Amino acid sequence: MTYVGRFAPSPTGPLHAGSLVAALASWLDARAHGGRWLVRIEDVDRPRCVPSADRYILTQLAACGLIPDQAPVWQSQRGAHYQAALDDLTRRGLAYPCVCSRQDIAVVQARLGIARQRGRELPYPGTCRPERGGPSGQPPYPAKPAMRLHTGRAFSVASGAGLIFEAGQTSPGWRIDWQDRRLGAQWQNVTQAVGDFVLRRADGLWAYQLAVVVDDAAQDITHIVRGEDLTDNTPRQILLQHALGLSTPAYLHTPLVLGTNGEKLSKQNGAPPLKLPDARAALAALNGAARALGLPPANAANVTEALAMWTQAWAEQCP
Ligand code: GLU
């Protein structure tokens, strides 16, 4: 089997115990399948990136024996590819400009009685859709526009792909059925749950959803292994892959590491950076990540031995 996996950190800070879990799992899965493992630095959200965090992350990975099989790619250098994908979608009527501010969107959502849930974006109400006479005619626009995917437009997909355009609904849209290798069968109606999502922000920055889909395809990624917090992005990404005529990789979302407060460990809630001054510290950090993945502790002399042991265990656990 051809297998290409990847770890795609955002350099908003150093790796912490939670992000090491995704790094280790993606590496083990690639090795267990005799595949290649790549690293992509997802630095599209420039204001959130921390200077030198990218280099520091690569050093942390190397200290843990997780060395990519190819030179890493930086998303900040790939804008032309994202633009080409966006142009393609726009030309086909699948992307449109939107000048709604957060406030505009909140007002319409409140009018429609859509209540905000903790940690969840509300579905975009479609105010700027071209068929509603939004600003999508000719420029100049009243404000610098974001670009959104039109999730209410049908396009052809191969039968059996797990995508259904539900035309009979009050808001016709896409239901995506997909299989997670750990979580099992999943589905989401993207149009209802998320609505027309942003591909390029009004400030000109590329959105994660577009960049990740374009790059996974450009790097021929066949298997995505990443943290469970990203699970509900997957249907959006599958929809975009189909809209752009790209293939869909296999997905596996790993368990999250929770802090003492029961919240997901993340840079935002102050997860301490992994300090890996020597081989012992790296082995201890890897043992922690392995535990989170349900792997046995490695009674190993060094990182290389431990990784070999877990690769074997992973192959049996996640064929
Ligand atoms: N860059 C994302 C993050 O650090 C991960 C994206 C992905 O694995 O698809 O959360």
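> For this particular structure, what's the right way to read unusual backbone geometry?
Note on backbone geometry: most residues besides glycine have negative phi, and most peptide bonds are trans. The residue serine 52 is not glycine, and still its phi comes out positive at about 70°. Position of serine 52 among the secondary structure elements: in the loop between strand S2 (36-41) and helix H2 (53-63). For aspartate 220, which is not glycine, the phi dihedral falls at a positive 55°. Note that aspartate 220 resides in the loop between helix H6 (208-218) and strand S10 (223-227).

> Teacher, can you tell me more about the site of the ligand here?
Taken together, the residues surrounding the ligand are Arg6, Ala8, Pro9, Ser10, Glu42, Tyr208, Val212, Arg226 and Leu230. One of the side-chain N or O atoms of arginine 6 is found 2.7 Å from an oxygen atom in the ligand. For the ligand, whose free accessible area comes to 300 Å², the fraction covered by protein is 80%. In the shell around the ligand, the residues fall into five nonpolar, one polar and three charged.

> Just to check I follow, could you spell out the nonpolar core for this structure?
Considering soluble globular proteins, one finds that nonpolar side chains tend to be buried as a cluster. In terms of nonpolar packing, the biggest core is built from 42 residues, with Leu20, Leu24, Leu61, Leu66 and Trp310 touching the most fellow members. For this core, the elements supplying multiple residues, two or more each, are helix H1 (17-32), S2, H2, helix H8 (279-292) and helix H9 (303-317). For this core, the element with the highest residue contribution is H1, accounting for nine residues. In contact with leucine 20, other than residues within four places in its own chain, are Cys64, Leu66, Leu274, Ala285, Leu286 and Ala289.

> Sorry if this is basic, but what is going on with H2 here?
A turn of α-helix holds 3.6 residues, and therefore any two residues three or four places apart point the same way. Buried residues of H2: Ala53, Asp54, Ile57, Leu58, Gln60 and Leu61, and no others. Down the axis of H2, the sector holding all buried residues measures 160°, keeping them to one side. Of the surrounding secondary structure, the elements contacted by the buried residues of H2 are strand S1 (4-7), H1, S2 and strand S3 (73-74). Where H2 ends, the next residue or the one after it, glycine 65, has phi of about 80°, a positive value.

> Explain the side chain of asparagine 189 to me, please; I cannot follow it from the model alone.
Within the fold, asparagine 189 resides in strand S8 (residues 184-189). Judged by relative accessible area, which is 4%, asparagine 189 ranks as buried. In terms of polar contacts, asparagine 189 uses its side chain to reach the side chain of glutamate 166, at 3.0 Å. Side-chain polar atoms of asparagine 189 contact the backbone nitrogen of threonine 191, separated by 3.1 Å.

> What is the right way to look at the pattern of salt bridges in this model?
Here the idea is simple: oppositely charged side chains can pair when their charged atoms come close. Tallied over the full model, the rule gives 18 salt bridges. Across the pair arginine 153 and glutamate 131 runs a salt bridge whose closest N-O atoms are separated by 3.5 Å. Residue arginine 153 is found in the loop between strand S5 (146-149) and strand S6 (163-166), and its partner glutamate 131 is found in the loop between helix H4 (102-111) and S5; the two are separated by 22 residues along the sequence. Three or more residues are tied together by salt bridges with common partners; here these are Arg6, Arg40, Glu42, Arg78, Asp215 and Asp216.

> Hey, could you run me through the packing of aromatic side chains in this one?
Aromatic rings in a pair are described by how distant their centres are and how their planes are angled relative to each other. Inspection of every chain in the model, using the stated rule, returns four aromatic pairs. Relative to tryptophan 206, the ring of tyrosine 82 lies with its centre 5.9 Å away and its plane at 65°, an arrangement referred to as edge-to-face. Of this pair, tyrosine 82 sits in helix H3 (residues 79-91) while tryptophan 206 sits in the loop between strand S9 (198-200) and H6, placing them 124 residues apart in sequence. For the pair tyrosine 82 and tryptophan 206, a shared accessibility class is recorded, and that class is buried. Judged by centre distance (4.6 Å) and plane angle (35°), the ring pair of phenylalanine 155 and tryptophan 174 falls under tilted. Of this pair, phenylalanine 155 sits in the loop between S5 and S6 while tryptophan 174 is found in strand S7 (residues 173-180), placing the two residues 19 residues apart along the sequence. Of the two residues, phenylalanine 155 and tryptophan 174, neither departs from the other in class, the shared state being buried. Each residue in the set Phe155, Phe165 and Trp174 is aromatic and connected to the rest through ring pairs, giving one cluster. For the cation-ring pair, arginine 148 lies above tyrosine 124, with the distance from its terminal atom to the ring centre recorded as 3.6 Å. Note that arginine 175 overlies the ring of tryptophan 187, its terminal NZ or CZ placed 4.2 Å from the centroid.

Cut-offs applied
Residues numbered from 1 in each chain as written. Predicted model: local features only at pLDDT ≥ 70, side-chain atom pairs only at ≥ 80, totals over all residues. Heavy atoms only, no water. Helix = DSSP H or I, 4+ residues; strand = E, 2+ residues; numbered from the N terminus. Near = heavy atom within 4 Å. Polar contact = N/O pair within 3.5 Å; in protein donor to acceptor, adjacent residues only side chain to side chain. Areas by Shrake-Rupley, 256 points an atom, 1.4 Å probe, with all protein chains shown as cover. Nonpolar A, V, L, I, M, F, W, Y, C, P; charged D, E, K, R; others polar. Core = buried A, V, L, I, M, F, W, Y, C linked by side-chain atoms within 4.5 Å. Buried < 20%, exposed > 50% of the residue type's maximum accessible area, 1.4 Å probe, protein only. Contact = heavy atoms within 4.5 Å. Arc of directions from axis to C-beta. Salt bridge = Lys/Arg side-chain N within 4 Å of Asp/Glu carboxyl O. Phe/Tyr/Trp six-rings, centres within 6.5 Å; stacked < 30°, edge-to-face > 60°. Lys NZ or Arg CZ within 6 Å of the ring centre and 35° of its normal.

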